[in-house]
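Summary of structural features
Listed below, chain by chain, are the residues.
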Amino acid sequence: MGKAFSATIIFLTVTANTLVAAVGTLLDGNSLVTGLLIPEETFFHRLVFSVSLLAAHIVAKSNILFPFRYGFSKLGSLVGSNKFLNQKGVLGIGAIGLATVFASFLPIPLTLEKFFDAFDFFVWAPFLLIVPPYSKLGVSKWLKWGLFFYYLLVAGISLSGNSRMGMVAPIAVIASAWVIALLMGQVQVDKKIISKVIFLSIGGLLLLSFFVDFSTAILASRAGREERTSSEQLALTIENFFDKEALHEYKTVNFEFIADKGGADEVWTEDYVSNPFLQRFIQIKFDDNCFYRINTFDNEERALLMQSLVDKTLAQFPTPVLEMLDIQINKNAINGYSIGDLIDNIYAGSNLGNFITGSLVAHAYGVFGWWYPLAVIILYGLIFAIFSGMISVINERGNDQRAFSTIGLLLPFSIFFTIAFEGVTATVSVLVRGVWQIFLIYWVAIWVLRLLGIVGFPKENKMSKDEMIKEALKKSKSRR
């Protein structure tokens, strides 16, 4: 499953900055370069980055990184991360995620709140049940309706925090899991599938205006959200959603702002397409912002980017470990700004702490210069190898059994969203802390489910003997 996993992450990364960008600008009646300051350089670096990801995918499957794949596969067997949960187990994982989301609204210690935050992506697990291979095990009408109302609940919780993630993430998780199933041969592309894709595409286009208006309402309700309760924020968002005149005015002003670039060479702007739902996936504008500013930096200013990378990497380690190593850093100050903040602070002297989105590609270029493709290949190669091992059953010869992992189906969008945005610091953070955090919280979740007698690992995880015979016959025919 490891190859399909990393291939899906690459597909999401490339698609978000080519296909989605093209669709968004097409709907606006604009070209791909509208609103960008240095479009040629921005898209060129995106091409270099995409090629580097493909190289990392190849390196991750090479003998060089086999010890990582094999070692993490063994660890995955102990934790259960390379197992295929039954339907009750998947629903149980979702229930744990939902419980931790509700717990975060309670007056609990900050340390416990951060621990619960790590379980957030479990909320999306139930949506896997309508995607192969789970859908092949049977999906009742009641379950489908249950997932529909569950989606409304998740979206509502997200809206109360003025976030679009609750609307976007379930759809993205379903799409990424479907791509993995397709790559692993669980989806047969025939007339029925093609008709279904066409039907869903038409349905998606019809629903797009609904998502656009809701996303616009979220943005229009963003000012002053710190002073409102969750229920007040949700009520204001719904009120703005039904105020079509206000939404139209907001879109019109935003569209004009994009067309004249909004003074982006002086003031940080994040508008690229007027469709806020699609804009959630597109990184191009952030790349353009960061490359334009980094191109003006001298060596000393680029050194600040490197120092920040070192500081933010050290800040990922627990305080007791830093004290034991006698490393003196202010973790609150270091974690109190984003890479986008730092880049704009160096360029224009703007304040830190706004947490504006940076750019992984531009940040890598600012830190490593033209050596950044090599850095991307090494970092992503390690990430792909480690996660491939975590979700796969690999023997000493390096053979990867054709088995599905529940968390392997759930993770691609979360990993993509973490390492494709912000900067190199997010990618390094996954290696230093993220991997181990996922192991820990998944082990805790499986332990809880086993304690409750819910979890189980069905035989569907592995290919049956008949399937193995059919697969062998196919290979022998192809060789002839």
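Residues numbered from 1 in each chain as written. Predicted model: local features only at pLDDT ≥ 70, side-chain atom pairs only at ≥ 80, totals over all residues. Heavy atoms only, no water.

Some remarks on the packing of helix H14 (residues 299-314) against helix H17 (residues 339-348)
Put simply, the rule is: As a rule, the C-alpha atoms of each element are fitted with a line to give its axis, helices using only the stretch in contact, and angles between N-to-C directions run from 0 to 180 degrees. For the purposes of this entry, the term helix denotes a DSSP run of H or I that reaches at least four residues, the term strand denotes a run of E that reaches at least two, and both are numbered from the N terminus. Angles are sorted into four bins: roughly parallel if under 35 degrees, roughly antiparallel if over 145, roughly perpendicular if 65 to 115, and oblique for all others. When the near helix sits turned anticlockwise from the far one by under a right angle, the crossing is termed left-handed; a clockwise turn instead gives a right-handed crossing. The contact criterion used is simple: two residues touch if any of their non-hydrogen atoms lie within 4.5 Å. When residues are sorted by character, Ala, Val, Leu, Ile, Met, Phe, Trp, Tyr, Cys and Pro go into the nonpolar class, Asp, Glu, Lys and Arg into the charged class, and all the rest, Gly among them, into the polar class.
Direction vectors running N to C along H14 and H17 enclose 155°, while the axes themselves pass 11 Å from each other. Considering the angle they form, H14 stands roughly antiparallel to H17. Considering how the two elements wind past one another, H14 and H17 form a crossing that is right-handed. Touching Glu 301, Leu 304, Leu 305, Ser 308 and Lys 312 of H14 are Ile 339, Leu 342, Ile 343 and Ile 346, all from H17. Residue composition of the contact of H14 with H17, by class: 6 nonpolar, 1 polar and 2 charged.

Brief notes about the nonpolar core
Here is the rule we go by: To form a nonpolar core, buried Ala, Val, Leu, Ile, Met, Phe, Trp, Tyr and Cys residues must be joined to one another through side-chain atoms within 4.5 Å. Between buried and exposed lies partly exposed: a residue is buried under 20% and exposed over 50% of the maximum accessible area for its type, with that area taken using a 1.4 Å probe on protein chains only.
Counting 115 residues, the largest nonpolar core has Phe 122, Trp 124, Tyr 380, Phe 387 and Phe 413 as the members making the most contacts within it. The residues touching Phe 122, leaving out its near neighbours within four places in the chain, are Ile 93, Gly 94, Ile 96, Gly 97, Leu 410, Ile 441, Tyr 442 and Ala 445.

Looking at the confidence of the model for the protein chain
Defined as follows: One confidence number per residue, pLDDT, is output by the predictor and ranges from 0 to 100.
Here the protein chain shows a mean pLDDT of 81. Residues at 70 or above account for 81%. Below a pLDDT of 50 lies the segment residues 459-469, which in the model reaches 13 contacts outside its immediate sequence neighbourhood of four places, other chains included.

A look at the packing of aromatic side chains
Here is the rule we go by: Any two of the Phe, Tyr and Trp rings considered here, Trp counted by its six-membered ring, make a pair once their centres fall within 6.5 Å; the pair's planes then place it as stacked at under 30 degrees, edge-to-face at over 60, or tilted in between. Consider the ring centre and the ring normal. A charge sits over the ring if Lys NZ or Arg CZ is within 6 Å of that centre and within 35 degrees of that normal.
For the structure on display, the rule yields 26 aromatic pairs. In this structure an aromatic cluster arises from ring pairing among Phe 115, Phe 116, Phe 119, Phe 121, Phe 122 and Tyr 442. The ring of Tyr 337 carries Lys 312 above its face, with NZ or CZ at 4.2 Å from the centroid.

Points about unusual backbone geometry
For the peptide bond that leads from Pro 132 to Pro 133, omega is 5°, which places it in the cis range. Residue position: Pro 133 is located in the loop between helix H6 (110-117) and helix H7 (141-160). In this model, Phe 355 sits at a positive phi of 55°, which is unusual for a non-glycine residue. Checked against the element boundaries, Phe 355 lands in the loop between H17 and helix H18 (360-368).

Some points on the packing of helix H3 (residues 39-60) against helix H19 (residues 372-390)
Relative orientation of the contacting elements H3 and H19 amounts to 45°, with a least axis distance of 8 Å. Our classification of the angle between H3 and H19 gives oblique. Considering how the two elements wind past one another, H3 and H19 form a crossing that is right-handed. Where H3 abuts H19, its residues His 45, Val 48, Phe 49, Ser 52, Leu 53, Ala 55, Ala 56, His 57, Val 59 and Ala 60 lie against Tyr 372, Pro 373, Val 376, Ile 377, Tyr 380, Gly 381, Phe 384 and Ala 385.

Concerning a nonpolar patch on the surface
Inclusion rule: The patches described consist of residues with a relative accessible area above 30% and no salt bridge, like charges being joined within 9 Å and nonpolar side chains (Val, Leu, Ile, Met, Phe, Trp, Tyr) within 5 Å. For every accessible area listed, the method is Shrake-Rupley and the probe measures 1.4 Å; residues are considered covered only by the protein chains on display. Throughout this description, the term salt bridge denotes a Lys or Arg side-chain nitrogen within 4 Å of a carboxyl oxygen of Asp or Glu.
Together, Leu 112, Phe 115, Leu 440, Trp 443, Trp 447, Leu 451 and Leu 452 make up a nonpolar patch on the protein surface, roughly 740 Å² of accessible area in all. Mapped onto the nonpolar patch, the elements with two or more residues apiece are H6 and helix H21 (424-451). Here the nonpolar patch takes 4 residues from H21, the largest share from any one element. Take Leu 112: it is sitting in helix H6. For Leu 112, a relative accessible area of 34% gives the class partly exposed.

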